[in-house]
Amino acid sequence: MSKVVTLGEIMLRLSTENNNRIIQSNGFRADYGGGEANVAVSLANFGIKSEFVTKLPENPLSESIFRYLKANGVGTENIVLGGERLGTYYLEVGTSVRASSVIYDRKYSSFSTMDYEELTLNKILKDCKILHLSGITPALSESCRELTEKIIKRAKEMGVLISFDFNYRSKLWTLEEASPVLTSYLPYIDICFAGILDGKNIMKLDVQGDVEDYYKEIMRKYPNIKYLMCTKRETHSVDENSLTGYLYKDGKLYHSKKYTFTIVDRVGGGDAFAAGALYGIYYDLNPQNIVDFATGASVYKHTVRGDTNLVSVDEIETLINRGVQSVAR
């Protein structure tokens, strides 16, 4: 059975409870999360063999992470041990007109010191169908930028499909720093998660129009990309959003229906969308079914507390086909 491999940093997430602000909080809810780890967990829950690669310090927190990943069916055999600390982030959970906000405490984390030579890539990428990476990793350190570039090129040589989520984080690096790095990966990418702002601010495209106009220009410049995807979010309040998914393939734009929903936890919604898309691509579903499933997965994640989308294929398909159910009996 071919697998999907994801590589990135997993962190300890400390969230305020009861929508408290950080300055008034005496305790935090602890979870583990990070974009690529979230994708791996989602895919494992969808029944796809998935493996997560990272670097962790040798301490009890890392032992807890191993338990968490293994409990969700994610392969951990190629995780590297070393370095001094686990990255952490604090989430102040917003409500109404007050947006949620994040404080990162991840500088000099074990993963940020990871070196390409620490990876046994031939072993990691054996029987790998899709490698999923994101723009968060090269934002962390110079060694992580080199790692990302080298693993993309090696995976491409081995015939692996490259999935890349731009995932620009302004708290990690500037647009001026990110643009030349992220665009240098584009000639190697098969599955690209990028929206209009990525096209405008990172790819520096001079396009007037909507998603389709941007995607046509991206595909013109990078015809190697097989799938180009994003979501469009409408924010009615911090607690209520609408979401529509888009997929561009072979010169045609596909979109999901628009969902409006109440948010329990927004973090990880993009990762759930990516995982849903990779599920559809893994099983070679048609483009409309891929974008429908990916969007349904993202919407469902907004109802699950924590970073990870702990839902099944059947639950997502029920949402797509039947809509919201009052009670599942």
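Residue numbers run consecutively from 1 along every chain, following the written order of its sequence. Totals for whole chains, interfaces and linings use all residues, but because this is a predicted model, local features are given only for residues with pLDDT of at least 70 and pairs of side-chain atoms are given and counted only at 80 or more. Side-chain calculation: all heavy atoms of the structure are included, whereas hydrogens and water are not.

Draft legend 1. Representation of the overall build of the protein chain within the structure. Broken down by element type, the protein chain carries 10 helices and 16 strands. For the protein chain, whose C-alpha radius of gyration is 19 Å, the value lies close to the compact-globule estimate of 20 Å for 329 residues. Within the span of the protein chain, comprising 329 residues, buried residues form 56% of the whole. Residue contacts are defined here by distance: any two heavy atoms, one from each residue, within 4.5 Å place the two residues in contact. In the protein chain, of all internal contacts separated by at least 6 residues, the share reaching a separation of at least 24 is 68%. As displayed, the protein chain has an accessible area near 14,600 Å², and 47% of this comes from carbon and sulfur atoms. A run of H or I in DSSP counts as a helix once it spans at least four residues, and a run of E counts as a strand once it spans at least two, with each numbered from the N terminus. For this measure, only C-alpha atoms enter the radius of gyration; the expected value for a globule follows 2.2 Å times N^0.38, where N is the number of residues. A 1.4 Å probe rolled over the protein chains alone gives each residue an accessible area, and that area as a share of the maximum for its type sets the label: buried under 20%, exposed over 50%, partly exposed in between. For the area figures, the Shrake-Rupley method with a 1.4 Å probe applies, and any residue is considered shielded solely by the protein chains shown.

Draft legend 2. Representation of the pattern of salt bridges within the structure. Salt bridge, as applied in this entry: a Lys or Arg side-chain nitrogen positioned within 4 Å of an Asp or Glu carboxyl oxygen. Taken as a whole, this structure holds 18 salt bridges when the rule is applied. The salt bridge involving Lys150 is made with Glu146; its shortest N-O contact spans 2.8 Å. A residue pair is termed a helical-turn pair when its members lie 3 or 4 positions apart in one helix, as Lys150 and Glu146 do in helix H4 (residues 142–157) at 4 residues. By sharing partners, the salt bridges in this structure join Arg13, Asp265 and Asp307 into a single network.

Draft legend 3. Expanded view of empty space enclosed by the protein. Grid points spaced at 1 Å over the protein atoms alone were grouped into cavities, where a 1.4 Å probe fits but cannot get out, and pockets, open sets with protein on both sides within 12 Å along at least five of seven lines, with lining residues defined by an atom within 4 Å of a point. Grid points are joined across faces, edges and corners, and a volume is the space filled by probe spheres set on the points. Inspection of every chain in the model, using the stated rule, returns 1 cavity of 30 Å³ or more. In this structure, the largest cavity occupies an estimated 30 Å³ of space. Contributing to the lining of the largest cavity are Glu9, Ile10, Lys55, Leu56, Arg85, Leu86, Gly87, Ser109, Ser110 and Phe111. Its residues placed into classes, the lining of the largest cavity shows 4 nonpolar, 3 polar and 3 charged. When residue character is reported, Ala, Val, Leu, Ile, Met, Phe, Trp, Tyr, Cys and Pro are called nonpolar, Asp, Glu, Lys and Arg charged, and the others, Gly included, polar.

Draft legend 4. Just the nonpolar core, in detail. In this text, buried Ala, Val, Leu, Ile, Met, Phe, Trp, Tyr and Cys residues form a nonpolar core when linked through side-chain atoms within 4.5 Å. Leu119, Leu131 and Phe166 are the most contacted members of the largest nonpolar core, which has 49 residues in total. What Leu131 contacts, discounting residues up to four positions off in sequence, is Val5, Leu125, Ile151, Ala155, Val160, Leu161, Ile162 and Ser163. Ile191, Met229, Ile290 and Ile316 belong to the second largest nonpolar core, which has 36 residues in total.

Draft legend 5. Quick look at unusual backbone geometry. Located in the positive-phi region is Asn18, a residue other than glycine, with phi close to 60 degrees. We classify Asn18 as exposed; its relative accessible area is 70%. Even without being glycine, Lys204 reaches a positive phi, approximately 60 degrees. Its place among the elements puts Lys204 in the loop between helix H6 (196–202) and helix H7 (211–221).

Draft legend 6. Local environment of the side chain of Thr295. Its location among the elements puts Thr295 in helix H9 (residues 287–301). We classify Thr295 as buried; its relative accessible area is 0%. Aside from chain neighbours lying at most four places away, what touches Thr295 is Leu243, Thr244, Gly245, Ser256, Tyr259 and Phe273.

Draft legend 7. Spotlight on H9. The length a helix should cover is 1.5 Å for every residue beyond the first. For H9, built from 15 residues, the straight-helix expectation of 21 Å at 1.5 Å per residue is met to within 8% by its first-to-last C-alpha distance of 21 Å. For H9, a buried count of 12 out of 15 residues is recorded, marking the element as mostly surrounded by other parts of the structure. Those residues of H9 hidden inside the fold are in contact with strand S13 (227–235), strand S14 (240–249), strand S15 (252–255), strand S16 (259–262), helix H8 (269–282) and helix H10 (313–322). What qualifies as a polar contact is a pair of N or O atoms within 3.5 Å, subject to a donor-acceptor requirement within protein and to the restriction that residues adjacent in sequence count only when both atoms come from side chains. Capping the start of H9, Asn286 holds a side-chain oxygen 3.1 Å from the backbone nitrogen of Gln288, two or three residues further along.

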